[in-house]
Amino acid sequence: MIRTVERQPGARPVIEPVPTGDVAKRESAVRIEDLSAWYGATQAVGDVSLELPRGAVTAIIGPSGCGKSTLLRCLNRMHETTPGARVAGQVFLDSLDIYWTGVDAVEVRSMVGMVFQKPNPFPMMSIYDNVAAGPRLRGWKMDRKKMDELVERNLRRAALWDEVKDRMGRSGAALSGGQQQRLCIARALATDPAVLLMDEPASALDPIATYKIEELVRELSSEVTIVIVTHNMQQASRVSQRTAFMLAGDDGVGRLVEYGRTDDIFTNPREPRTEAYITGRFG
């Protein structure tokens, strides 16, 4: 099977072989087919098809306004929470079409967690309760001992436990910016998602906090498939194994220009527009 990467009219296509049949099902955690998204009458994303590998980090790069964050929000049905927003196409989580009639959007969001650009711990909740919130909302029946273990396990996964273990009753909003973002990661991990979406998770953080987030992304990729949107191309090259480059055309619709191994995208891109972007000639 050959997949043609979406391009502007007249542009030379970038073609890449992808696995087929059972092999593809094993290797792909998320499969996107002909996905388009709108805000009211305005189309933001056009006909994107991607296969995101399991147990790896995929970065989505591109200039502002090219639809990166909109595409990300479509992967756990957050896009539809915006009034007037709609989606066409399909997104498969393993074999589940998350937009199929009867699929519960709330359940999808527990399987596909999300971390936003600005840290957003629940300000009226303690550190402990922030992490426990997801399992409680899902109705998980756990005694205090098991909940304590769940909270500790996910704070450790987010590399935050040692910094907060003696102040679990304090508000999550009292933490530093970098700690708040790692708390949000722990909260997202608490429902054991198969996929974790990260929308520029370090853009509001200082270099030291950014380094900790990047280290965490690399460590977590062995446990969970990660998709990260970033404006920072150095960050994309450091943390990801696959990279997708998106660009909006004259019509304002964001489309996929090129997708492949991160090393290839940054050292030997096959699409002239990709090379122009990563070398700083625009964007």
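For clarity, every value in this text was computed on a predicted model and none was experimentally measured. (Residues numbered from 1 in each chain as written. Predicted model: local features only at pLDDT ≥ 70, side-chain atom pairs only at ≥ 80, totals over all residues. Heavy atoms only, no water.)

## A look at the overall build of the protein chain
Argument step 1. The number of helices and strands found in the protein chain is 11 helices and 12 strands.
Argument step 2. Against the compact-globule benchmark of 19 Å for 283 residues, the protein chain has a radius of gyration of 19 Å, which places it among compact chains.
Argument step 3. Taken along its principal axes, the extent of the C-alpha atoms in the protein chain is 60 × 45 × 40 Å.
Argument step 4. By residue count, 53% of the 283 residues in the protein chain fall in the buried class.
Argument step 5. If you sum the accessible surface of the protein chain, you get close to 13,200 Å²; carbon and sulfur atoms cover 51% of it. (Helix = DSSP H or I, 4+ residues; strand = E, 2+ residues; numbered from the N terminus. Rg over C-alpha atoms; globule rule 2.2 N^0.38 Å. Buried < 20%, exposed > 50% of the residue type's maximum accessible area, 1.4 Å probe, protein only. Areas by Shrake-Rupley, 256 points an atom, 1.4 Å probe, with all protein chains shown as cover.)

## A look at the packing of aromatic side chains
Argument step 1. Per the counting criterion, the structure on display carries one aromatic pair.
Argument step 2. With a centroid separation of 5.0 Å and 20° between ring planes, the pair formed by Phe 245 and Tyr 277 is classed as stacked. Of the two residues, Phe 245 is situated in strand β11 (residues 242-248) and Tyr 277 in helix α11 (residues 272-278); the sequence distance between them amounts to 32 residues.
Argument step 3. A relative accessible area of 0% places Phe 245 in the buried class.
Argument step 4. Looking at Arg 144, its charged tip hangs above the ring of Tyr 128, at a distance of 4.4 Å from the centre.
Argument step 5. Of note, Arg 242 hangs over the ring of Tyr 259, and the distance from its end group to the ring centre comes to 4.8 Å. (Phe/Tyr/Trp six-rings, centres within 6.5 Å; stacked < 30°, edge-to-face > 60°. Lys NZ or Arg CZ within 6 Å of the ring centre and 35° of its normal.)

## Side note on the packing of helix α4 (residues 127-137) against helix α7 (residues 177-189)
Argument step 1. Two numbers describe how α4 lies on α7: the axes approach to 7 Å, and their chain directions differ by 35°. Counting all contacts with α4, which are made through Ile 127, Asn 130 and Val 131, the residues of α7 involved are Leu 183, Ala 186 and Arg 187.
Argument step 2. Of the residues that constitute the contact of α4 with α7, the class distribution is four nonpolar, one polar and one charged. (Axes fitted to C-alpha atoms, helices over the stretch in contact; angles between N-to-C directions. Contact = heavy atoms within 4.5 Å. Nonpolar A, V, L, I, M, F, W, Y, C, P; charged D, E, K, R; others polar.)

## Looking at the pattern of salt bridges
Argument step 1. According to the stated counting rule, one finds 17 salt bridges in the structure shown.
Argument step 2. Measuring nitrogen to oxygen at the nearest pair gives 2.8 Å for the salt bridge that ties Glu 33 to Arg 31.
Argument step 3. Residue classification places Arg 31 among the partly exposed positions, given a relative accessible area of 24%.
Argument step 4. Between Arg 270 and Glu 258 there is a salt bridge, with its nearest N and O atoms 3.9 Å apart. Here Glu 258 lies in strand β12 (residues 254-261) and Arg 270 lies in the loop between α10 (262-267) and α11, a separation of 12 residues in the sequence.
Argument step 5. For Arg 270, a relative accessible area of 48% gives the class partly exposed.
Argument step 6. Classification of Glu 258 as buried rests on a relative accessible area of 2%.
Argument step 7. One network of salt bridges, in which partners are shared, links Arg 157, Asp 192 and Glu 223. (Salt bridge = Lys/Arg side-chain N within 4 Å of Asp/Glu carboxyl O.)

## Regarding the side chain of Thr 262
Argument step 1. Tracing the backbone through its elements, the reader meets Thr 262 in helix α10.
Argument step 2. In contact with Thr 262, not counting residues within four places along its chain, are Ala 236, Ser 237, Ser 240, Gln 241, Arg 242 and Thr 243.

## Some words on unusual backbone geometry
For residues besides glycine, phi is generally negative; the peptide bonds are generally trans as well.
Argument step 1. The phi dihedral of Arg 77 is positive, around 65°, even though this residue is not glycine.
Argument step 2. Tracing the sequence through the fold places Arg 77 in the loop between α2 (68-74) and β6 (85-93).
Argument step 3. With a phi close to 45°, Glu 200 is a non-glycine residue in the positive phi region.
Argument step 4. Considering the arrangement of structural elements, one finds Glu 200 in the loop between β9 (195-199) and α8 (207-220).
Argument step 5. Take Glu 200: its relative accessible area is 11%, and that puts it in the buried class.

## Here's the deal with the packing of α4 against helix α5 (residues 144-157)
Argument step 1. Axis separation between α4 and α5 bottoms out at 10 Å; the angle between their running directions is 110°. When the axes of α4 and α5 are compared, the pair comes out roughly perpendicular. Contact with α4, carried on its side by Ile 127, Tyr 128, Val 131, Ala 132, Pro 135 and Arg 136, involves Arg 144, Met 147, Asp 148, Leu 150, Val 151, Asn 154 and Leu 155 of α5 and no other residues of that element.
Argument step 2. Residue composition of the contact of α4 with α5, grouped by class: nine nonpolar, one polar and three charged. (Parallel < 35°, antiparallel > 145°, perpendicular 65-115°, else oblique.)

## Regarding the nonpolar core
Argument step 1. By size, the foremost hydrophobic cluster in this structure holds 44 residues, and its most contacted members are Val 151, Leu 155, Met 168, Ile 185, Leu 196 and Ile 226.
Argument step 2. Ile 60, Leu 75, Val 112 and Val 229 belong to the second largest nonpolar core, which has 32 residues in total. (Core = buried A, V, L, I, M, F, W, Y, C linked by side-chain atoms within 4.5 Å.)

## A look at the environment of Glu 27
Argument step 1. Along the polypeptide, Glu 27 turns up in helix α1 (residues 21-27).
Argument step 2. Residues Glu 27 and Pro 207, 180 residues apart in the sequence, show an inter-C-alpha distance of 34 Å.

## Considering the confidence of the model for the protein chain
Argument step 1. Looking at the protein chain as a whole, its pLDDT mean stands at 90, while 90% of the residues score no less than 70.
Argument step 2. Predicted confidence is poor over residues 1-13, with pLDDT under 50, and the contacts of this stretch with residues over four places away or in other chains come to 37 contacts.
Argument step 3. For residues 17-25, every residue scores under 50 in pLDDT, and the model assigns this stretch 11 contacts once sequence neighbours within four places are set aside. (pLDDT = per-residue confidence, 0-100.)

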